[in-house]
Structure formats: structure tokens, C-alpha cells
Amino acid sequence: PHSHSNDVFAWNGFESGLNQQAMVNMMTYRNFVSEEWSHVLTWDLVVGRFIWADGIRRGVFTPHSVLLTNLIGPPGLLLHFLTCIVTGEGLPGSVLA
């Protein structure tokens, strides 16, 4: 499994399908799949809810950020931060505040 995980992050150029094939190979390991899905679902739920709640609380448009968070994760949070700055709301504070 370690050689497959190394291949996922190896630089093979933009046109190479080797990274994608390495990820497909990793999906054959049950432990990896269970860890990956729990990680992805946690990120989607926790960070997606944070973005949504922050948008409701401060009146920031969030559907694009929540969607991107659910599709590819961290870039959605960065997009939310960018949206907050561009709209003049500043970076979010605590949802509990």
C-alpha cells in the first residue's frame, strides 16, 4: 500500500494518468476506503456547515463555496474566505460568537 500512496502524490506531469491509477489502486484496500470516506464526510459536514452558518450569520453568499467544499474539499473553504473579503465582510470569526 505504501508504494501506491507514494504514487498518488508523485509528479508525473499534467497529461499522465498515473496518479489517478494509483488512487484507483488504493481503493482496493478496505482500510484506505473506510479511512478516506470518513475523512471526506467529516470534512464535508463540518467545514460545509461552518461555511453555511457563517453565510447565514453574516449575510455572505455561500452556495458556490459549499458546493466546492463538497466536491473537492479545502478549496471551498478558501473560496469562502475570498468571497468574504471581496464582499467586504472580512474573514469569519467563530460561529459561536
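Predicted, not measured: the structure shown is a model, and the values here were computed from it.

Novice: I keep staring at the confidence of the model for the chain and nothing clicks. Help me out?
Specialist: The predicted coordinates should not be examined in detail at positions where pLDDT is low. Scored by pLDDT, the chain comes out at a mean of 83, with 79% of its residues at no less than 70. Within the chain, helix α1 (residues 2-8) has the poorest average pLDDT of any element, 66, and helix α5 (residues 74-86) the best, 95.

Novice: Is there a simple way to explain a nonpolar patch on the surface in this structure?
Specialist: A grouping of Trp37, Leu41, Leu45 and Val46 is seen on the molecular surface, where their side chains present a nonpolar patch of about 460 Å² in accessible area. Along the chain, Leu41 falls in helix α3 (residues 30-58). The class for Leu41 is partly exposed, based on a relative accessible area of 45%.

Novice: Got a minute to help me understand the environment of Ser65 in this structure?
Specialist: Summarising the element assignment, Ser65 is placed in helix α4 (residues 63-72). A relative accessible area of 0% places Ser65 in the buried class. Note: C-alpha distance between Ser65 and Ile51 (14 residues apart in sequence) is 7.4 Å. A polar contact of 3.3 Å, which involves the side chain of Ser65, links it to the backbone nitrogen of His80.

Novice: Sorry if this is basic, but what is going on with α3 here?
Specialist: Because the α-helix completes a turn every 3.6 residues, residues three or four places apart line up on one side. Its 29 residues give α3 an end-to-end C-alpha distance of 42 Å, which sits within 8% of 42 Å, the value for a rise of 1.5 Å per residue. Those residues of α3 not exposed but buried are Phe32, Asp44, Val47, Gly48, Ile51, Ala53, Asp54, Gly55 and Arg58. Lining the buried residues of α3 we find α2 (18-26), α4 and α5. Once α3 finishes, Gly59 follows within two positions and takes phi at roughly 70°, a positive value.

Novice: Would you take a moment to explain the layout of surface pockets for this structure?
Specialist: Picture a little ball the size of a water molecule; that probe, rolled over the atoms, points out where space is still empty. Estimated volume of the second largest pocket: approximately 150 Å³. Residue lining of the second largest pocket: His39, Val40, Trp43, Asp44, Thr69, Asn70, Leu71, Ile72, Gly73 and Pro74, and that is the complete set. Among the secondary structure elements, those contributing two or more residues to the lining of the second largest pocket are α3 and α4. Taken together, the residues of the lining of the second largest pocket break down into five nonpolar, four polar and one charged.

Novice: When you look at the packing of α3 against α5 in this model, what are you seeing that I'm missing?
Specialist: The packing of two helices is summarised by the inter-axis angle and the distance between the axes. As a packed pair, α3 and α5 sit with axes 10 Å apart at the nearest point and diverge in direction by 10°. Regarding the angle of α3 to α5, the classification is roughly parallel. α3 and α5 meet at a crossing whose hand is left-handed. From α3, Trp43, Val47, Phe50, Ile51, Asp54 and Arg58 reach across to α5, where they touch Pro74, Gly76, Leu77, His80 and Cys84.

Quick notes on the rules
- For every chain, the first residue of the written sequence is number 1, and numbering continues from 1 along that sequence.
- It should be noted that, the model being predicted, local features are given only for residues of pLDDT at least 70 and side-chain atom pairs only at 80 or more, the latter also being counted only at that level, while totals for whole chains, interfaces and linings use all residues.
- To obtain the side-chain values, all non-hydrogen atoms of the structure were used and water was disregarded.
- pLDDT: the predictor's confidence for each residue, scored from 0 to 100.
- Numbering of helices and strands starts at the N terminus; helices are DSSP runs of H or I of at least 4 residues and strands are runs of E of at least 2.
- The residues that make up patches have over 30% relative accessible area and no salt bridge, and they are joined within 9 Å when like-charged or within 5 Å when they are Val, Leu, Ile, Met, Phe, Trp or Tyr.
- Areas reported as accessible are Shrake-Rupley estimates using a 1.4 Å probe. Residue values count occlusion only from the protein chains shown.
- Any carboxyl oxygen of Asp or Glu within 4 Å of a side-chain nitrogen of Lys or Arg constitutes a salt bridge here.
- Under the scheme applied here, a residue whose accessible area is under 20% of the maximum for its type counts as buried, over 50% as exposed, and between as partly exposed, the area being computed with a 1.4 Å probe on protein chains only.
- Here a polar contact is recorded for every N or O atom pair within 3.5 Å, except that within protein the pair must consist of a potential hydrogen donor and a potential acceptor, and residues adjacent in sequence are included only if both atoms are side-chain atoms.
- How far a helix is expected to stretch is found by multiplying one less than its residue total by 1.5 Å.
- Whether two residues touch is decided by their heavy atoms; if any such pair falls within 4.5 Å, the residues are in contact.
- Cavity and pocket criteria rest on a 1 Å grid covering protein atoms alone: a 1.4 Å probe that fits but cannot get out defines a cavity, protein on both sides within 12 Å along at least 5 of 7 lines defines an open pocket, and an atom within 4 Å of a point defines a lining residue.
- Grid points are joined across faces, edges and corners, and a volume is the space filled by probe spheres set on the points.
- Polar here means any residue other than Ala, Val, Leu, Ile, Met, Phe, Trp, Tyr, Cys and Pro, which are nonpolar, and Asp, Glu, Lys and Arg, which are charged; Gly is therefore polar.
- Lines fitted to C-alpha atoms define the axes here, with helix axes fitted over just the stretch in contact, and angles between the N-to-C directions of these axes take values from 0 to 180 degrees.
- Should an angle fall under 35 degrees it is called roughly parallel, over 145 degrees roughly antiparallel, and 65 to 115 degrees roughly perpendicular, with every other angle called oblique.
- The handedness criterion is simple: a crossing whose near helix is rotated anticlockwise from the far helix by less than a right angle is left-handed, and one whose near helix is rotated clockwise is right-handed.

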